[in-house]
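Close look at the chain arrangement
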Amino acid sequence: MNPASLDHPDGHLGILICGHGSRNRLAVEEFAQLVKALKPKFPTIPVEYGYLEFARPVLREGLDRLLEQGVKRVLAVPAMLFAAGHAKNDIPSVLNNYAAEKGLIIDYGRELGINDLMIGAAGARLKEALESAPEVPLCETLLVVVGRGSSDPDANSNVAKITRMLVEGFGFAWGETVFSGVTFPLVEPGLRYLVRLGFRRIIVFPYFLFSGVLVSRIREHTKRVADDHPNIEFLAAKYLGDHPLVIETFRDRIDEILRGGDTAMNCSLCKYRSELLGFENEVGLAQESHHHHVEGLTESCTLCKKECTGACQPDGIPVSLKEKAHDHDHDQSHGHYPYPHAEHPFGPVSLRKSSETET
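Residues numbered from 1 in each chain as written. Predicted model: local features only at pLDDT ≥ 70, side-chain atom pairs only at ≥ 80, totals over all residues. Heavy atoms only, no water.

A closer look at the packing of aromatic side chains
Summed over all chains, the structure comprises seven aromatic pairs. The rings of F31, Y49, Y51 and F210 are connected pair by pair, giving a single aromatic cluster. The ring centre of Y193 lies 4.4 Å from the NZ or CZ of R196, which sits over that ring. A cation over an aromatic ring shows up here: K238 above the ring of Y239, its NZ or CZ 5.8 Å from the ring centre. (Phe/Tyr/Trp six-rings, centres within 6.5 Å; stacked < 30°, edge-to-face > 60°. Lys NZ or Arg CZ within 6 Å of the ring centre and 35° of its normal.)

Pasting the structure below:
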C-alpha cells in the first residue's frame, strides 16, 4: 500500500479488519465478535470490517463506512493467520483500487503470523483439550496441527513451524502437520499414515481462526480414521477463535502501522519475488483479486442450523459443484496460477478420487 506519514490526528484515522468471508453463519458471527472485542482497544478510532466474498459488508462497504465517519487514513489489517494469496494479492488489490478511486490513504499491515501471542493462544487451546482427557501422558501423545492449506509454500511452512513450537513447548512425543485442502498431505490420508506410529493418543488441532466447512471437514475426516482405529484415542482441540491473545495480536499489528514500524510480509521466501524451487514461474505475477465474481454474495448455507456440519461437502467437493449450480472451487477457472502439486496422491487429487468413487 502507499506509505503515509503520521500527520493525521486520531479523528482522521480509521481501522479496517479484512476478512475472507464465509457462507457459514457461525463463522461470520465469530468474525464480527472478534472485531467487537477489538474496538475497545482503540476507543478514539472507528473500527470497521469487510470481507472478500460470501458475506457483507464487503471490503469496499467497510471502507465506505469509514469515509462516512470522516476518516482520511485507513489502517488495514488482514485477518489471516499467514501471508498467502488472500493477504498478498486479493485484499491489497481491492484496497489499492479503492484508494486510487477515492483518494484515500490506506496503510496495509501484516498478517497475524508467528509470534509469542499466537503460540500462546494455540497453547491455551491445547491445554483445554488436554485437561478434558488427562489419562494419557504426553510421551504417548502425537500432536497433529491442521493448516488451511495454500498454493504458497511459505504459508504452508509456517504451519509446520507452529507445529514444532507447540511440540517442543509441551513435550509431545511427536508432531506432524497436515492440511484441509489445496496442498498435501490432507487430513485423512495424513492421519492414516500417522496411526502407524503406534501412539496411544492423537490430538488434532485445527489451526484456524474461525469455524466453517473446513473445520467441519477436519472433524469428519478425523472421525473416519478414528472409527477404523478404536484402540487409539483421538482428541479434538478447538480452533483459535477470539482468544484474548489473538485479539492482542490484532492490536499489535495495528500498533505497528501507527508506529511506522516494519509491516512488510516475508519477501525472502515469497514465490512472487523469489525463484523458489518448484514455483519459479510465478515470480512477478500481477497483483490482482480473484474474488470479484463472488464479492457481495450473501446467500448463506441453510443445510445446517448454525454451525457447519460439512454436510454440503463431506469430501471437499461442494454439492453445488456436483449439480453445476456454482463453479467456484478455488480452481484455475478464474485466474489462480496452477498449483504444481495438484495431482499429489496425498493432496487435492485424493479428494476428487474419493468423490468420483462415491458418485
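Overview of the sheet that holds strand β6 (residues 174–179)
As summarised here, the arrangement of the four strands in space is β6-β5-β7-β8, forming an open sheet in which the pairing is parallel. In this open sheet, the two strands that pair with only one neighbour each are β6 and β8 (233–236). Here the strands of the sheet are splayed against their neighbours by 25° on average, with no regard to which way each runs. Pairing of strand β5 (residues 141–147) with strand β7 (residues 201–206), which is carried by six bridges, proceeds in the parallel orientation. For T141, the partnering residue across the bridge sits in β7 and is R201. Docked against the sheet, helix α5 (residues 153–170) engages β5, β6 and β7, running at close to 155° with respect to β6. (Pairing = 2+ DSSP bridges. Helix = DSSP H or I, 4+ residues; strand = E, 2+ residues; numbered from the N terminus. Axes fitted to C-alpha atoms, helices over the stretch in contact; angles between N-to-C directions. Contact = heavy atoms within 4.5 Å.)

Digging into the pattern of salt bridges
Under the defined criterion, the tally for this structure stands at 17 salt bridges. The partner of R56 in a salt bridge is E61, and the shortest N-O contact between them spans 2.1 Å. Residue classification places R56 among the partly exposed residues on the basis of a relative accessible area of 46%. Residue K102 pairs with E101 through a salt bridge whose shortest N-O separation is 3.9 Å. (Salt bridge = Lys/Arg side-chain N within 4 Å of Asp/Glu carboxyl O. Buried < 20%, exposed > 50% of the residue type's maximum accessible area, 1.4 Å probe, protein only.)

Let's talk about the sheet that holds strand β4 (residues 105–108)
Judged by pairing direction, the sheet is parallel, and its four strands sit side by side in the order β2-β1-β3-β4 without closing on themselves. Each edge of the open sheet is held by one strand with a lone partner, namely β2 (47–51) and β4. Strand after strand, the sheet turns through a mean of 25° between neighbouring axes, direction not considered. Bridging between strand β3 (residues 73–78) and β4 involves four bridges; their strand directions are parallel. Following the sheet pairing, L75 is matched in β4 by D107. Each of β1 (13–19) and β2 touches helix α1 (residues 25–38); the most contacted strand, β2, lies at about 160° to it. On top of the sheet, helix α2 (residues 59–68) reaches β1, β2, β3 and β4; it is set at about 165° to β1, its chief contact.

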